[in-house]
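Overview (structure and organization)
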Amino acid sequence: MGEKLKNKDSLQIVFAGHVDHGKSTIIGRLLVDTDSLPTGKLEFVKKMCQNNSKPFEYAFLLDALKEEQSQGITIDSSRCFFETDKRRYIIIDAPGHIEFLRNMVTGASRASAAFIVIDAHEGVMENSKRHGYLLAMLGIKQINVLVNKMDLVSFSETDFLKIKENYSEFLNSLSISDISFIPVSGFYGDNVSQKSLNMSWYDGKTVLEALESFEINDEVIDSDFRMSVQDVYKFTGKGDERRIIAGMVDYGMLSVGDEILFSPSGKKSKVKSIENFEREEYSVKAGYSVGFTLYDQLYIKRGEIISKKNETHPICSKKLIANIFWMGKERLVIGKDYILKLGTQKTVFQIEEILFVMNTAELSTDQYKKEIDQNEIGRVVLVLKNILAFEISDKFPNFGRFVVVDDYEICGGGIIIDYPDKEISQLRENVNLRNLNWINNSVSSEMRCEKYGHKSCLIIISGKKGSGRKKIARLLETELFSSDKIVFYMGMGNIVYGVDADIKCSGNENRKEHIRRLSEVCNLMLQTGLILIVTIQEIECSDLEIFDQVIGEHNRLTVWLGSEYSCNADLKFDVSNSEYISDEIINLLQSRSIIN
Amino acid sequence: MDHLSELENKSIFILREAYSQFKNLVMLWSIGKDSTVLLWLTRKAFFGHIPFPLVHIDTNHKIPEMIEFRDKLTLELGINMVYGENSEALLKKETFPDGNISRIDCCKKLKTEALKNTLSGKGIRYRMNHQSKKYEIDNDNEPFTGIILGIRSDEEGSRSKERYFSPRDKENDWHIENQPPEFWNQFKTDFKPGTHLRIHPLLDWTELDIWRYIERESIPVVSLYFDNGFGKRYRSLGCAPCTKPVDSDAKNVGDIILELESGKFSKIAERSGRDQDKEDGGGLETLRREGYM
């Protein structure tokens, strides 16, 4: 018995449903039928009922277990353990009251399958729908519906079918299609672990059979690799020199020698060793808490998502569209700073727009509501302070989900359904690909920096037409050159008729592509270690974002000439005194330690 | 993935989250099987290192073998070991074994109060000096604000309601009805100053899982858990006057597993040998609301 038992799978199941629809009765039945109660418990509760002249109910078993603090194996209503010949189960009894929504969410998110209990007599309640909605949102794919108290409707097939029709329509609208409905009487034990003699019209599974046929999801292993950096360890004790990147593999497999990419930083390296306490491994797979070392000495931070070079990579963006369920006492409002936690990333964000708020009772949407109340679900547009690496929730669920923290409390959960800035995200993906395929030089940027006596830097000089950009650029180039700096000035024109000869340059039509190519050229030139000056007419924030994506961690400095600004510049000048302006730029280069 | 590996990897994830998010973290080591498993998981999580101190609350009424085991492992593994006690109550003999107070009050004084004062740094702490191999009074009295504990939800009612990351207020009180939500591997890690935190990486383990894991990983445990020839063994360890051995002839881990799987203990509670749980109806929940482990 021992060996066989040890290898049994374990499954967490949540029972959800409206108050008094009979969750405890069904669970009590299951515990009795699978012989999972502590010795004497059933007899004890039966005797208590007899002494108090009330009929015995299976739900009392759970109540008794709940109260039980001092003797017997305590099985609290929040979690019960039991096992069958096939596997081990942890049953989570999620509270039905709306006030305990966060407990329901906490319990349900630990489960991989769910039973929703609906009273045959009372029918589908708002909570039945809200729970269904939340279970779907939490990512639970296997849901069975137990239509309970069939004894109260004389085991009527018509009544059962009515509820089945009503509720499946609802679940289907949430894209949960693989659901079965079981007519049950928890009180009499019909279809719990025994086939009901009272409902010969039903030939499906019993609750216990349904339980045993839930599947354990293994598809996470046959997937592209994804893992969050949980921490980076450098323990110096006992002469340990390893710098270990630690985390739990969410999807796929990682092996020694794999080339990997960190998002959103875009850094890349190769796996040198997989570290395990007292054991060496060649590869690791989803579900394992692991650690590994790299060939390169990179500064990696907690929060980055790792993917493999030859597989797909996460999306990186500052804007998301998400469904949020809100549990906070204070309403979720537009324009306030909140914290988002996704995987091990953490960033500040604001709600830019509330697209609609969901009415779970009627499954209708309210497009005019501009805040989200406690226990409501809504679709929102989020703007993040920092670039986030993530996925759309149906592809890699673990990276498409986040929680919202407000005033130190977890107040909501969200799933990402889209992102509006596809252009910039696509650009980032291209840049990542470029980085992954970059051919490394034998001379490092540190070596160049030491030889030239300055760091590389991009100086963008912008302003309206006629603001004197080119004049200042040339003066600055001359001054830096005469103080032995490696410097080069390049105007937009140098690019437009050469690199960009294949695209039109009239109007604004291809502006983004012109900027992108210019920034790629800048990136190449910056790799050579020089100080690069470029002039661009009326540069915009979105243009700068392209530059930042493409040139990555190179220094960038923006100078704006004129009184009306179209972007955030490091230096802004109203005056047209060229010498003064170039001196100020040199001062800033010095204060940022780019030149001495 | 097999069940034990699943539990192991999840617990390691929680340990690493705790270490990454909190300063002044400690792990409470009761010398029992659960917290010894926790110690092993810590060494796995941190690749052979134990990057925070271990704290033991010495009631001075522990079974002597437990203290011997503590100090032996401390020296062997190079553990940064700290212990504390309620010296005042011990000096005034305000204890149940001295016959002066009830079991519950004794637990409050020797465990809860001692724990609070050891964590806050108000009580004297003793730290192992690995050079002299002796405990010395610790001059560092900075408070520990995050405590990792080896409690399991199958032990008793109030523990089954716990979160993995469980906040306590300044007085160490637990607000059972107002706990933070935890989902999608996201725990409450943002705290107002003054909040204490308890981290429970073993919440999903059962007594049987613990023994199976001890067997699989060959983890050393106190020999009190085994029948050493008298037909008795301890199923759960605590203070000598309040913890009774059970009748059993299980001589090794394999015997214990059989006993729990299909033998005489498969349906009898683990803590049934503990007298303090039996007093006051819900003794443990009352104690835990006020800061007991």
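Structure first, text after, so check above.
These notes cover the structure that comes with them. Owing to the predicted nature of the structure, the values given are computational and were not obtained by experimental measurement.

Reading the values: rules and limits
- Residues numbered from 1 in each chain as written.
- Chains lettered and ligands numbered in written order.
- Predicted model: local features only at pLDDT ≥ 70, side-chain atom pairs only at ≥ 80, totals over all residues.
- Heavy atoms only, no water.
- Pairing = 2+ DSSP bridges.
- Helix = DSSP H or I, 4+ residues; strand = E, 2+ residues; numbered from the N terminus.
- Axes fitted to C-alpha atoms, helices over the stretch in contact; angles between N-to-C directions.
- Contact = heavy atoms within 4.5 Å.
- Buried area = accessible area lost by both parts, 1.4 Å probe.
- Polar contact = N/O pair within 3.5 Å; in protein donor to acceptor, adjacent residues only side chain to side chain.
- Nonpolar A, V, L, I, M, F, W, Y, C, P; charged D, E, K, R; others polar.
- Phe/Tyr/Trp six-rings, centres within 6.5 Å; stacked < 30°, edge-to-face > 60°.
- Salt bridge = Lys/Arg side-chain N within 4 Å of Asp/Glu carboxyl O.
- Buried < 20%, exposed > 50% of the residue type's maximum accessible area, 1.4 Å probe, protein only.

This part is about the sheet that holds strand S8 (residues 196-199) of chain B. Residues and elements named next belong to chain B. An order of S5-S4-S3-S2-S1-S6-S8-S7 is seen for the eight strands of this open sheet, with the pairing classed as mixed. Of all the strands in the sheet, just strand S5 (134-137) and strand S7 (165-168) have a single pairing partner and so form its edges. Each adjacent strand pair in this sheet contributes to an overall mean axis angle of 30 degrees, direction not counted. Bridging between strand S2 (residues 54-57) and strand S3 (residues 81-84) involves four bridges; their strand directions are parallel. By the bridge assignment for S3, Val 55 is matched with Val 82. In the packing of helix H2 (residues 33-45) onto the sheet, the strands contacted are strand S1 (25-28), S2 and strand S6 (146-148), and the crossing angle to S1 comes to about 140 degrees.

Turning next to the interface of chain A and chain B. Chain A puts 77 residues into the contact, and the matching count from chain B is 65 residues. A combined buried area of about 6000 Å² lies between chain A and chain B, and 52% of that area is made up of carbon and sulfur atoms. There are 15 residue pairs in polar contact (both at pLDDT 80 or more) connecting chain A and chain B. With six residues, the single largest contributor to the side of chain A that touches chain B is strand S25 (residues 409-418) of chain A. Partitioning the side of chain A that touches chain B into residue classes produces 29 nonpolar, 25 polar and 23 charged.

This brings us to the pairing of strand S12 (residues 268-276) of chain A. All names here are of chain A. One ladder, built from three bridges, connects strand S11 (residues 259-263) with S12; its direction is antiparallel. The partner of Ile 260 across the bridge, within S12, is Ser 269. In this structure, the hairpin formed by S11 and S12 is closed by a connection of four residues, where Gly 266 is found at a positive phi of approximately 80 degrees. Two elements, S12 and strand S13 (residues 279-281), share three bridges in a ladder whose sense is antiparallel. Following the sheet pairing, Glu 275 is matched in S13 by Glu 280. The antiparallel hairpin formed by S12 and S13 contains two residues in its connecting segment, where Glu 278 sits at a positive phi of about 55 degrees.

Attention shifts here to the packing of aromatic side chains. This model, assessed by the stated rule, comprises 37 aromatic pairs over all chains. For the pair Tyr 233 of chain A and Tyr 19 of chain B, a centre-to-centre distance of 5.9 Å together with 45 degrees between the ring planes defines the contact as tilted. Residue Tyr 233 of chain A is found in strand S8 (residues 231-233), and its partner Tyr 19 of chain B is found in helix H1 (residues 3-21); the two belong to separate chains. Relative to Tyr 126 of chain B, the ring of Tyr 83 of chain B lies with its centre 4.8 Å away and its plane at 20 degrees, an arrangement referred to as stacked. Of the two residues, Tyr 83 of chain B is situated in strand S3 and Tyr 126 of chain B in strand S4 (residues 125-129); the sequence distance between them amounts to 43 residues.

This part covers the pattern of salt bridges. A full pass over the atoms with the stated rule returns 48 salt bridges over all chains. With its nearest N and O atoms 3.0 Å apart, the salt bridge here joins Asp 71 of chain B to Arg 70 of chain B. Each member of the pair, Asp 71 of chain B together with Arg 70 of chain B, is buried. Between Arg 216 of chain B and Glu 217 of chain B there is a salt bridge whose closest N-O contact spans 3.0 Å. Ionic contacts of the salt-bridge type, sharing partners, join the residues Arg 331, Lys 369, Glu 371, Asp 373 and Glu 376 of chain A into one network.

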